[in-house]
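Per-entry structural report
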Amino acid sequence: MRLKHFHHFLTLTLFLFILSVTNAFRCYQCEFKRCPTLANCKEQVDICTINNFDRWQVRQVECPGMCETHLTTDATGRIIQWHRGCAPAQELPRGTPYNFCTTTYRVGIKEDRCTCSGDLCNGASGPKSAKIVQILSLLIVFFVFRIHSS
(Lines give C-alpha, C1' and ligand atoms only; values in the text may rest on other atoms or scores of the structure.)
Protein backbone atom coordinates (compact mmCIF):
# COMPACT_ATOMS: atom_id res chain seq x y z
CA MET A 1 0.00 0.00 0.00
CA ARG A 2 2.86 2.41 0.77
CA LEU A 3 4.28 1.87 -2.74
CA LYS A 4 0.96 2.99 -4.22
CA HIS A 5 1.07 6.22 -2.15
CA PHE A 6 4.65 6.81 -3.20
CA HIS A 7 3.68 6.40 -6.86
CA HIS A 8 0.87 8.97 -6.45
CA PHE A 9 3.29 11.30 -4.66
CA LEU A 10 5.83 11.09 -7.50
CA THR A 11 3.18 11.59 -10.18
CA LEU A 12 1.71 14.67 -8.50
CA THR A 13 5.16 16.09 -7.74
CA LEU A 14 6.23 15.71 -11.36
CA PHE A 15 2.99 17.35 -12.53
CA LEU A 16 3.44 20.35 -10.22
CA PHE A 17 7.10 20.69 -11.20
CA ILE A 18 6.26 20.75 -14.90
CA LEU A 19 3.40 23.18 -14.27
CA SER A 20 5.69 25.59 -12.41
CA VAL A 21 8.38 25.75 -15.11
CA THR A 22 6.20 26.70 -18.05
CA ASN A 23 7.50 29.46 -20.33
CA ALA A 24 4.44 31.71 -20.00
CA PHE A 25 4.32 34.14 -17.10
CA ARG A 26 2.04 36.84 -15.76
CA CYS A 27 3.85 40.18 -15.76
CA TYR A 28 2.99 43.66 -14.54
CA GLN A 29 2.43 46.06 -17.43
CA CYS A 30 2.65 49.81 -16.99
CA GLU A 31 4.54 52.82 -18.27
CA PHE A 32 5.49 56.18 -16.89
CA LYS A 33 6.85 58.94 -19.12
CA ARG A 34 8.04 62.21 -17.69
CA CYS A 35 6.81 65.27 -19.58
CA PRO A 36 9.68 67.34 -20.94
CA THR A 37 7.74 70.51 -20.05
CA LEU A 38 4.40 70.88 -18.33
CA ALA A 39 3.37 73.41 -20.97
CA ASN A 40 2.88 70.84 -23.74
CA CYS A 41 1.56 67.77 -21.90
CA LYS A 42 -0.36 66.68 -18.87
CA GLU A 43 1.67 64.98 -16.15
CA GLN A 44 0.37 61.45 -15.64
CA VAL A 45 -0.22 59.70 -12.32
CA ASP A 46 2.78 57.52 -11.51
CA ILE A 47 1.92 53.99 -10.35
CA CYS A 48 4.82 52.35 -12.20
CA THR A 49 8.19 53.64 -10.94
CA ILE A 50 9.91 51.89 -8.06
CA ASN A 51 8.94 54.43 -5.39
CA ASN A 52 5.30 54.69 -6.53
CA PHE A 53 4.61 51.15 -7.74
CA ASP A 54 1.05 50.08 -6.89
CA ARG A 55 0.54 46.37 -7.59
CA TRP A 56 -3.22 46.72 -7.00
CA GLN A 57 -3.65 49.27 -9.79
CA VAL A 58 -1.07 48.07 -12.30
CA ARG A 59 -2.41 45.80 -15.04
CA GLN A 60 -1.27 42.15 -15.23
CA VAL A 61 -0.77 40.45 -18.61
CA GLU A 62 0.19 36.98 -19.86
CA CYS A 63 3.59 36.99 -21.53
CA PRO A 64 4.87 34.22 -23.82
CA GLY A 65 8.39 34.57 -22.44
CA MET A 66 10.03 36.59 -19.70
CA CYS A 67 9.03 39.81 -17.95
CA GLU A 68 11.05 43.02 -18.00
CA THR A 69 11.60 46.34 -16.30
CA HIS A 70 13.11 49.06 -18.50
CA LEU A 71 14.26 52.39 -17.03
CA THR A 72 15.56 55.34 -19.06
CA THR A 73 17.14 58.29 -17.22
CA ASP A 74 18.84 61.51 -18.31
CA ALA A 75 22.35 62.66 -17.40
CA THR A 76 21.12 64.02 -14.04
CA GLY A 77 19.45 60.72 -13.11
CA ARG A 78 15.94 62.04 -13.67
CA ILE A 79 13.48 59.45 -15.00
CA ILE A 80 12.54 59.88 -18.65
CA GLN A 81 10.62 56.62 -18.96
CA TRP A 82 9.85 53.61 -16.79
CA HIS A 83 8.32 50.52 -18.40
CA ARG A 84 7.21 47.15 -17.00
CA GLY A 85 5.87 44.42 -19.25
CA CYS A 86 6.75 41.46 -21.46
CA ALA A 87 10.38 41.19 -22.51
CA PRO A 88 10.66 41.32 -26.30
CA ALA A 89 11.97 37.87 -27.27
CA GLN A 90 13.72 39.10 -30.41
CA GLU A 91 15.96 41.39 -28.33
CA LEU A 92 17.19 38.63 -26.03
CA PRO A 93 20.40 36.95 -27.22
CA ARG A 94 20.42 33.16 -27.47
CA GLY A 95 21.52 31.57 -24.18
CA THR A 96 20.45 34.60 -22.10
CA PRO A 97 20.12 33.76 -18.39
CA TYR A 98 16.61 33.89 -16.92
CA ASN A 99 17.23 36.76 -14.50
CA PHE A 100 19.66 39.43 -15.64
CA CYS A 101 20.15 43.18 -15.98
CA THR A 102 22.02 45.24 -18.54
CA THR A 103 22.97 48.92 -18.57
CA THR A 104 23.52 50.86 -21.78
CA TYR A 105 24.92 54.39 -21.99
CA ARG A 106 24.28 56.82 -24.84
CA VAL A 107 25.03 60.52 -24.94
CA GLY A 108 23.10 61.97 -21.99
CA ILE A 109 20.96 58.81 -21.58
CA LYS A 110 21.26 55.71 -19.39
CA GLU A 111 19.08 52.65 -19.96
CA ASP A 112 18.71 49.89 -17.38
CA ARG A 113 16.85 46.78 -18.55
CA CYS A 114 16.18 43.79 -16.30
CA THR A 115 14.44 40.60 -17.37
CA CYS A 116 13.13 37.86 -15.12
CA SER A 117 11.21 34.60 -15.28
CA GLY A 118 8.40 34.04 -12.83
CA ASP A 119 4.87 35.24 -12.27
CA LEU A 120 4.82 38.97 -11.49
CA CYS A 121 8.60 39.00 -11.06
CA ASN A 122 8.87 42.52 -12.49
CA GLY A 123 7.21 44.09 -9.44
CA ALA A 124 8.78 46.60 -7.08
CA SER A 125 10.56 44.03 -4.97
CA GLY A 126 12.68 42.82 -7.89
CA PRO A 127 12.94 39.40 -9.55
CA LYS A 128 11.67 36.36 -7.73
CA SER A 129 12.47 32.94 -8.97
CA ALA A 130 10.07 30.25 -10.12
CA LYS A 131 12.21 27.89 -8.02
CA ILE A 132 10.42 29.14 -4.89
CA VAL A 133 7.11 27.99 -6.34
CA GLN A 134 8.62 24.61 -7.19
CA ILE A 135 10.03 24.10 -3.69
CA LEU A 136 6.79 25.14 -1.99
CA SER A 137 4.81 22.81 -4.28
CA LEU A 138 7.07 19.91 -3.37
CA LEU A 139 6.76 20.61 0.35
CA ILE A 140 2.96 20.85 0.22
CA VAL A 141 2.65 17.62 -1.74
CA PHE A 142 5.05 15.87 0.65
CA PHE A 143 3.08 16.89 3.75
CA VAL A 144 -0.31 16.10 2.17
CA PHE A 145 0.79 12.56 1.27
CA ARG A 146 2.48 12.11 4.63
CA ILE A 147 -0.77 12.97 6.43
CA HIS A 148 -2.85 10.67 4.19
CA SER A 149 -0.44 7.74 4.51
CA SER A 150 -0.47 7.89 8.33
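Residues numbered from 1 in each chain as written. Predicted model: local features only at pLDDT ≥ 70, side-chain atom pairs only at ≥ 80, totals over all residues. Heavy atoms only, no water.

1. Observations regarding the overall build of the protein
Note the threshold: Think of it this way: any DSSP run of H or I at least four residues long counts as a helix, any run of E at least two long counts as a strand, and we number them from the N terminus. Per-residue accessibility, obtained with a 1.4 Å probe over protein chains only, is compared with the maximum for each type, and a residue is labelled buried under 20%, exposed over 50%, and partly exposed between these values. Whether two residues touch is decided by their heavy atoms; if any such pair falls within 4.5 Å, the residues are in contact.
Along the backbone of the protein there are 2 helices and 6 strands. When the elements of the protein are put in sequence order from the N terminus, they spell out α-β-β-β-β-β-β-α. Counting all 150 residues of the protein, 31% fall into the buried class. When contacts within the protein are restricted to residue pairs at least 6 apart in sequence, long-range pairs at least 24 apart make up 64% of them.

2. Section: the environment of Phe32
Take Phe32: it is sitting in strand β1 (residues 25–33). Residue classification places Phe32 among the buried positions, given a relative accessible area of 3%. For the pair Phe32 and His83, spaced 51 residues apart in sequence, the C-alpha separation works out to 6.5 Å.

3. Topic: the state of the cysteines
Quick reminder of the rule: Disulfide assignment relies on a single distance test, namely cysteine sulfur atoms paired within 2.5 Å.
One pass over the structure, following the stated rule, counts 5 disulfides. A disulfide bridge connects Cys30 with Cys48, and the sulfur atoms are separated by 2.1 Å. Disulfide Cys30 to Cys48: torsion about the S-S bond roughly 75 degrees, handedness right-handed. Linking Cys30 in strand β1 with Cys48 in the loop between β1 and β2 (59–63), this pair joins segments that are 18 residues apart in sequence. Residue class for Cys30 comes out buried when judged on its relative accessible area of 12%. Overall, the relative accessible area of 1% leaves Cys48 in the buried class.

4. A few points about unusual backbone geometry
Unusually for a residue other than glycine, Leu120 sits at a positive phi of about 55 degrees. Mapped onto the secondary structure, Leu120 falls in the loop between β6 (109–116) and α2 (130–149). With a relative accessible area of 13%, Leu120 lands in the buried category.

5. Overview of the pattern of salt bridges
Applied cut-off: Salt bridges are identified by distance alone: a Lys or Arg side-chain nitrogen within 4 Å of an Asp or Glu carboxyl oxygen.
The full count for this structure, using the stated rule, is 4 salt bridges. Among the salt bridges present, the one from Glu68 reaches Arg113, with a minimum N-O distance of 3.0 Å. Residue Glu68 is located in strand β3 (residues 67–74), and its partner Arg113 is located in strand β6; the two are separated by 45 residues in the primary sequence. Looking at Glu68, the relative accessible area reads 3%, which means it is buried. Among the salt bridges present, the one from Asp112 reaches Lys110, with a minimum N-O distance of 3.8 Å. Note on Lys110: relative accessible area 29%, which makes it partly exposed.

From the geometry alone we can't say anything about function, so treat these as descriptive.
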